[in-house]
Amino acid sequence: MKKPHIPAWLRRLLYLSARHRYYPLVVASIAFVSTTTFAFPFVMVLIPAVLIAPRRWLVLGLLCGISSGIGAAVLVEVFNYFGSELVLSRFPELVESERWQFASDWLKSYGLFALMIIAGSPIPQTPALFFYSLVNPSVPGVLIAVGIGKTVKYVFLAWATTRYPARFFDYR
């Protein structure tokens, strides 16, 4: 099994900024970029960030959750502007698929509550954000729902990393 790791340049950035008072803002910025670009799962960065500066676990969890909520709102706005026409023109069968219908119905029925649950779980949130942006795009609602879900998830994960660091050393 491949061990999770972050790129060397990102690890170096975390180590160099860890002693400064703006360290939580650096990590929160990475959370924002990770959410808006969906380039990599942010948990890969949060765990080493907490291991490097364990006394800042609460601030890191709170700021990263909030910045992920902001990033999700930006992503929904981008999907609203570009995503639906671009994706649906390239994949018209997506809308006709059974999974699409199930996801659409689920998001229509449970809306922001569903997004909050997905954001707080290990399930990838980007497809849900895309589906939600096509069904019912409430950008402030996404900011709040994903912000709450991610904040709860990241605060718990930061606490667990601080409390049981030996279980997370593979992420360093």
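Here the structure is shown first, and the text comes after it.
To keep things clear, this report deals only with the structure shown in the data block.

## Here we look at the packing of helix α1 (residues 8–17) against helix α3 (residues 43–52)
Contact geometry of α1 with α3 gives a least axis separation of 10 Å together with a crossing angle of 30°. Judged by the sense of rotation from one axis to the other, the crossing of α1 with α3 is right-handed. Side by side, α1 and α3 meet where Leu10, Leu14 and Tyr15 of the first sit next to Val45, Pro48, Ala49 and Ile52 of the second. Of the residues in the contact of α1 with α3, the class split is seven nonpolar, no polar and no charged.

## Considering α3
For α3, the buried fraction is high: eight of the 10 residues fall into the buried class. Taken together, the buried positions of α3 are Val45, Leu46, Ile47, Pro48, Ala49, Val50, Leu51 and Ile52.

## Some points on the packing of aromatic side chains
Taken as a whole and assessed by the stated rule, the structure comprises three aromatic pairs. Between Trp159 and Tyr164, the ring centres sit 6.1 Å apart and the planes meet at 90°, which makes this aromatic pair edge-to-face. Using a relative accessible area of 39% as the deciding quantity, one classes Tyr164 as partly exposed.

## Things to note about the nonpolar core
The biggest cluster of nonpolar side chains holds 25 residues, and the ones touching the most others in it are Leu14, Tyr23, Val27, Phe42 and Leu46. Those elements that provide at least two residues to this core are α1, α2 (23–37), α3, α4 (57–90) and α8 (139–163). Looking at this core element by element, the count peaks at seven residues for α3. Sequence-distant contacts of Leu14, defined by excluding residues within four places in its chain, comprise Ile6, Tyr23, Val27, Ile30, Val45, Pro48, Ala49 and Ile52.

Criteria and cut-off values
Counting starts from 1 at the beginning of each chain's written sequence and moves along it residue by residue. For a predicted model such as this one, the threshold for reporting local features is a pLDDT of at least 70, and the threshold for listing and counting side-chain atom pairs is 80 or more; totals across whole chains, interfaces and linings nevertheless cover every residue. Calculated side-chain values reflect all of the structure's heavy atoms, with hydrogen atoms and water omitted. Simply put, an axis is a line fit to the C-alpha atoms, just over the touching stretch for a helix, and the angle between two N-to-C directions goes from 0 to 180 degrees. Runs of E in the DSSP output that reach at least two residues are strands. Runs of H or I that reach at least four are helices, and both are numbered from the N terminus. Handedness of a crossing is defined here by the sense of rotation of the near helix relative to the far one, left-handed for an anticlockwise turn of less than a right angle and right-handed for a clockwise turn. Contacts are assigned to residue pairs with any non-hydrogen atoms lying within 4.5 Å of each other. Classification used: nonpolar for Ala, Val, Leu, Ile, Met, Phe, Trp, Tyr, Cys and Pro, charged for Asp, Glu, Lys and Arg, polar for all others including Gly. Exposure categories follow from relative accessible area, calculated using a 1.4 Å probe and restricted to protein chains: below 20% of the type maximum is buried, above 50% is exposed, and the middle band is partly exposed. For this analysis, a ring pair means two rings from Phe, Tyr or Trp (six-membered ring only for Trp) whose centres lie within 6.5 Å, classed as stacked if their planes differ by under 30 degrees, edge-to-face if by over 60, and tilted for the remaining angles. Among buried residues, those of type Ala, Val, Leu, Ile, Met, Phe, Trp, Tyr and Cys that are joined through side-chain atoms within 4.5 Å constitute a nonpolar core.

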